[in-house]
Amino acid sequence: MAGVSGCIKYSMFIFNFLFWLCGILILAVAIWVRLSKDGQEILSPGDSGTSPYIAVNILIAVGSIIMILGFLGCCGAVRESRCMLLLFFIGLLLILLLQVAAGILGATFKSESEHILNETLHENIKLLSAADENAKAFQKALTEFQNEFKCCGLVNGAADWGNNFQENYKSCECSSLSDSCVMYDGKNVYKQPCISLIKEVVAKHILIVIGIAFGLAVIEILGLVFSMVLYCQIGNK
């Protein structure tokens, strides 16, 4: 009977160690996108029942599962356990199929996702003129965003701040007299609302997530091949 190839065995171990690191990476990036100051409060759903972060929440779960599978694959390779390798193969195949399904759904419902984001931002305009604790947290997040990206208000510019404008105008304040600035309530502020810039930040985060997902799919296919070859070799030993 043929023995187990040491090359395949240790390649499988190294692969799974890298796969485990990929799980940590995808989990860390997903959490970063979810908790990023650029969008954490700004993209909170307010009174809307939908959240633009559903896909990222799923990615957090996937990253956690990948870490577990990477550990399972490492142990299966070192201990030459067919049971662990089979569990690894099935789990990895399911994740790959889920990623493909998620990609198809994401492409199919892209316009709906954009609509949800747009609806969320328009819904949150009223938080700028409110005075409760939830509104204060949102206002703080937007003032930080305005400072960084040189914009003012969400959709309609400085007018979105309502009675809270005088209290928060400093993050909107424009030091020049260029066409990018406008006078509002006696203050020189940025003309551009933040909605388009927020969408750009979200799009940038989504591109990062897509890039990681594609890279991970290639690694997963290699993992399926390695695990099945090793599984068959152990059976023929």
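In what follows, the accompanying structure is described. (Residues numbered from 1 in each chain as written. Predicted model: local features only at pLDDT ≥ 70, side-chain atom pairs only at ≥ 80, totals over all residues. Heavy atoms only, no water.)

Let's shift gears to the pattern of salt bridges. In the structure shown here, the tally under the stated rule is two salt bridges. Among the ionic pairs, Lys126 bridges to Glu123, the shortest N-O distance being 2.9 Å. Residue Lys136 pairs with Glu167 through a salt bridge whose shortest N-O separation is 3.4 Å. One end of the pair, Lys136, is in helix H5 (residues 133-149); the other, Glu167, is in helix H6 (residues 165-168), and 31 residues separate them in sequence. What makes Lys136 partly exposed here is its relative accessible area of 31%. (Salt bridge = Lys/Arg side-chain N within 4 Å of Asp/Glu carboxyl O. Helix = DSSP H or I, 4+ residues; strand = E, 2+ residues; numbered from the N terminus. Buried < 20%, exposed > 50% of the residue type's maximum accessible area, 1.4 Å probe, protein only.)

The next point concerns a nonpolar patch on the surface. A surface patch of nonpolar side chains, amounting to about 930 Å² of accessible area, comprises Tyr10, Phe13, Ile14, Phe17, Leu18, Trp20, Leu21, Ile24, Phe71 and Val78. Counting only elements with at least two residues in the nonpolar patch, the list comes to helix H1 (6-35) and helix H2 (54-79). By residue number, the principal contributor to the nonpolar patch is H1, which donates eight residues. Among the secondary structure elements, Val78 is positioned in helix H2. (Patch = residues over 30% accessible without salt bridge, like charges linked within 9 Å, V, L, I, M, F, W, Y side chains within 5 Å. Areas by Shrake-Rupley, 256 points an atom, 1.4 Å probe, with all protein chains shown as cover.)

The next thing to look at is the packing of helix H4 (residues 110-123) against helix H7 (residues 195-235). Closest axis-to-axis distance for the H4/H7 pair is 11 Å, and the angle between their directions is 135°. Overall, the two elements H4 and H7 adopt an arrangement that is oblique. Crossing geometry of H4 relative to H7 is assigned as right-handed. Contacts between H4 and H7 pair Leu117, Asn118, Leu121 and His122 from the former with Ile195, Ile198, Lys199 and Val202 from the latter. Taken together, the residues that form the contact of H4 with H7 break down as five nonpolar, two polar and one charged. (Axes fitted to C-alpha atoms, helices over the stretch in contact; angles between N-to-C directions. Parallel < 35°, antiparallel > 145°, perpendicular 65-115°, else oblique. Left-handed = near helix turned anticlockwise from the far one by under 90°. Contact = heavy atoms within 4.5 Å. Nonpolar A, V, L, I, M, F, W, Y, C, P; charged D, E, K, R; others polar.)

By the definition in use, this model includes five aromatic pairs. Ring centres 6.2 Å apart and planes at 40° place the aromatic pair Phe165 and Tyr169 in the tilted group. Given the relative accessible area of 1%, Phe165 is considered buried. The exposure class of Tyr169 is buried, given its relative accessible area of 13%. (Phe/Tyr/Trp six-rings, centres within 6.5 Å; stacked < 30°, edge-to-face > 60°.)

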